[in-house]
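Understanding the architecture of this molecule
Listed below are the residues making up each chain.
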There are 2 protein chains.
Amino acid sequence: MTFARPLAELIGQLERLPGVGPKSAQRLAYHVLRMPEEDVQRLAKALVDAKQSLRLCDACQNVSASETCEICADPRRDPRTICVVAEPRDIAALERVNQYRGVYHVLHGLLSPMDGIGPEQLKVRELLQRAASGVDEVILATNPTVEGDATALYLAGLIKPLGPRVSRLAHGMPVGGELDYADSATLLSALEYRREM
Amino acid sequence: MTFARPLAELIGQLERLPGVGPKSAQRLAYHVLRMPEEDVQRLAKALVDAKQSLRLCDACQNVSASETCEICADPRRDPRTICVVAEPRDIAALERVNQYRGVYHVLHGLLSPMDGIGPEQLKVRELLQRAASGVDEVILATNPTVEGDATALYLAGLIKPLGPRVSRLAHGMPVGGELDYADSATLLSALEYRREM
């Protein structure tokens, strides 16, 4: 099938996005043709605007429209507690809980020697600088995966000598989960970290 | 979570696309921030270009960059056989077979009285004009669904008096399918339309 050239070009560009296969790219492209032109213009502008106007927060390395992100600039947040996450999107997940009042630090990845990702490829130097300047606690909130655990272990070793307490998110049964469906590593953690009632 | 404003705007625009939920919109938006700026510009341009430069083929109503689409303009295609489909994307599926040498007609939808879609909302008038001007055969290739069958039945009744033969895609077992997994409506069709060997 030869698509009309501008359509083929659009499908090709959409296919390059993560999670968008040839089929969804076609479906999206035909949807765009049915959208009002002003909506297409708005989407195109949002893409370019986001790319051009966003940068990383000087303090926490989160995506930000200004030098200091909204969380770091918020006087109600406690700058003496730093929660370390792998990706900016992890902040969204933690903020949804609406309980954490400290600040964040985004590593922009996890250690992965196989992929050539060492501490220099991550925002580790920036984290150590912050940790050395009067921080009470560093919470390592990387995912409980091999890379996430290895990164947390590595960071804990570097941060503890600088002064702050270092903690890690608890492992255990997800709330609402069923024992029957839990994997044994999770169950083992849930047993180890059991709490007195 | 308050995302930086240009990021929130991009996520909001992406969420409006079909099949893109809040989660995928976030993932896509963060991906855009990691893309080289020229790639983002190219995607934005492809969106606007496709919307602005594409129109419907005067003959078959397929999406086209010019008055007459590539298929209708191709002298090797037989304009006396018209295959009627619901959507432009159905043409891509049929062209992949690489056997059909006639032309197409896109209805841009199916009859659906519940949704207020009658013949006036579809490209039916255009189809009848074509069918009345010396066409040998009209193949009704709408999906084998309630709406697709009803639309095919309705069109067959209008087209037959105009002269052309009218046919419908065969129902039956999908090639490579297993009897065990076939629904009974499909099996019934496969029995009814059985062919002598």
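This text gives an overview of the structure that appears in the document.

Procedures and definitions
- Residues numbered from 1 in each chain as written.
- Chains lettered and ligands numbered in written order.
- Predicted model: local features only at pLDDT ≥ 70, side-chain atom pairs only at ≥ 80, totals over all residues.
- Heavy atoms only, no water.
- Axes fitted to C-alpha atoms, helices over the stretch in contact; angles between N-to-C directions.
- Helix = DSSP H or I, 4+ residues; strand = E, 2+ residues; numbered from the N terminus.
- Parallel < 35°, antiparallel > 145°, perpendicular 65-115°, else oblique.
- Left-handed = near helix turned anticlockwise from the far one by under 90°.
- Contact = heavy atoms within 4.5 Å.
- Nonpolar A, V, L, I, M, F, W, Y, C, P; charged D, E, K, R; others polar.
- Salt bridge = Lys/Arg side-chain N within 4 Å of Asp/Glu carboxyl O.
- Buried < 20%, exposed > 50% of the residue type's maximum accessible area, 1.4 Å probe, protein only.
- 1 Å grid on protein atoms, 1.4 Å probe; cavity = no way out; pocket = protein on both sides within 12 Å on 5 of 7 lines; lining within 4 Å.
- Points joined across faces, edges and corners; volume = space filled by probe spheres on them.
- Pairing = 2+ DSSP bridges.
- Buried area = accessible area lost by both parts, 1.4 Å probe.
- Polar contact = N/O pair within 3.5 Å; in protein donor to acceptor, adjacent residues only side chain to side chain.
- Right-handed = clockwise from strand over helix to strand, strands pointing away.
- Least-squares fit on C-alpha atoms with pLDDT ≥ 70 in both.

1. Observations concerning the packing of helix H1 (residues 5-15) of chain B against helix H2 (residues 22-34) of chain B
Residue and element names in this part refer to chain B. Put simply, H1 and H2 touch, their axes get as near as 8 Å, and they point 130° apart. Here H2 runs oblique to H1, going by the angle between their axes. For H1 against H2, the interelement crossing comes out right-handed. On H2, the residues touching Leu7, Leu10, Ile11, Leu14 and Glu15 of H1 are Pro22, Ala25, Gln26, Leu28, Ala29, Tyr30, Val32 and Leu33. Among the residues forming the contact of H1 with H2, the class breakdown is eleven nonpolar, one polar and one charged.

2. Here we look at the pattern of salt bridges
Scanning all chains against the criterion turns up 22 salt bridges over all chains. Taking the shortest distance from any N to any O, the salt bridge between Arg55 of chain A and Asp58 of chain A comes out at 2.7 Å. When the shortest N-O distance is used, the salt bridge between Arg76 of chain A and Asp74 of chain A registers 3.1 Å. According to the relative accessible area criterion, Arg76 of chain A is exposed, its value standing at 66%. For Asp74 of chain A, a relative accessible area of 16% puts it in the buried group. The network of salt bridges with shared partners includes Arg16 of chain A together with Glu38, Asp39 and Arg42 of chain B.

3. Regarding the environment of Lys23 of chain A
Along the chain, Lys23 of chain A turns up in helix H2 (residues 22-34). With relative accessibility at 60%, the residue Lys23 of chain A sits in the exposed group.

4. Some details on empty space enclosed by the protein
Here the structure, examined in full by the defined rule, presents two cavities of 30 Å³ or more. Its boundaries defined by the atoms lining it, the largest cavity holds a volume of some 110 Å³. Secondary structure elements with two or more residues in the lining of the largest cavity: helix H3 (37-53) of chain A together with H2 and helix H3 (37-53) of chain B. Considering only residue class, the lining of the largest cavity consists of twelve nonpolar, no polar and no charged.

5. What to know about the sheet that holds strand S4 (residues 102-106) of chain B
Residues and elements named next belong to chain B. Strand order in the open sheet made by the four strands is S4-S3-S5-S6, with parallel pairing throughout. Looking at strand neighbours, the two that pair on one side only are S4 and strand S6 (165-168), the edges of this open sheet. On average, adjacent strands in this sheet sit at an angle of 25° to one another, irrespective of strand direction. In the sheet, strand S3 (residues 78-85) pairs with S4 via five bridges, with the strands oriented parallel. Bridging across to S4, Val85 finds its partner in Val106. Against the sheet, helix H7 (residues 146-159) makes contact with S3, strand S5 (137-140) and S6, and its axis sits at roughly 170° relative to S6, the strand it touches most.

6. Some details on the interface of chain B and chain A
Taken residue by residue, the interface counts 52 residues in chain B and 52 residues in chain A. Counting each side, the surface lost to burial between chain B and chain A is near 4,800 Å², with a carbon and sulfur contribution of 68%. The salt bridge involving Asp39 of chain A is made with Arg16 of chain B; its shortest N-O contact spans 3.1 Å. Linking chain B with chain A are eight residue pairs in polar contact (both at pLDDT 80 or more), by the criterion used here. Among the elements that take part in the side of chain B that touches chain A, H3 of chain B stands out by supplying 15 residues, more than any other. Residue composition of the side of chain B that touches chain A, by class: 28 nonpolar, nine polar and 15 charged.

7. A look at the pairing of strand S6 (residues 165-168) of chain A
All names here are of chain A. Pairing of strand S5 (residues 137-140) with S6 involves four bridges; the strand directions are parallel. Residue Ile139 lies in a different strand from S6, and its bridge partner there is Ser167. Handedness of the S5-helix H7 (residues 146-159)-S6 crossover: right-handed.

8. Focus on unusual backbone geometry
Residue and element names in this part refer to chain B. Backbone geometry places Gln61, a non-glycine residue, at a positive phi of 70°. Within the secondary structure layout, Gln61 lies in the loop between strand S1 (55-56) and strand S2 (63-64). Gln61 sits in the buried class, given a relative accessible area of 6%.

9. Some details on the sheet that holds S5 of chain A
Residue and element names in this part refer to chain A. Strand order across the open sheet formed by four strands is S4-S3-S5-S6, with parallel pairing between neighbours. In this open sheet, the two strands that pair with only one neighbour each are strand S4 (102-106) and S6. When the angles between neighbouring strand axes are averaged without regard to direction, this sheet yields 25°. Sheet topology places strand S3 (residues 78-85) next to S5; four bridges connect them, and they run parallel. In the strand pairing of S5, Cys83 is matched with Ile139. Where helix H5 (residues 88-97) meets the sheet, it contacts S3 and S4, and its direction lies at approximately 155° from that of S4. Seen against the sheet, H7 touches S3, S5 and S6 and runs at an angle of roughly 170° to S6.

10. Section: the relation of the copies chain B and chain A
Here two copies of a chain appear, and what relates them is a rotation about an axis with a shift along it. In the superposition of chain B on chain A (RMSD 0.1 Å, axial shift 0.0 Å), the rotation amounts to 180°. The two molecules are tied by a two-fold rotation axis, judged by turn and shift. Using C-alpha coordinates, one finds that chain B approaches the rotation axis most closely at Ala44 of chain B, a distance of 2.2 Å. Interface overlap between copies: 100% of the residues of chain B at the interface are likewise at the interface in chain A, consistent with a symmetric, same-surface contact.

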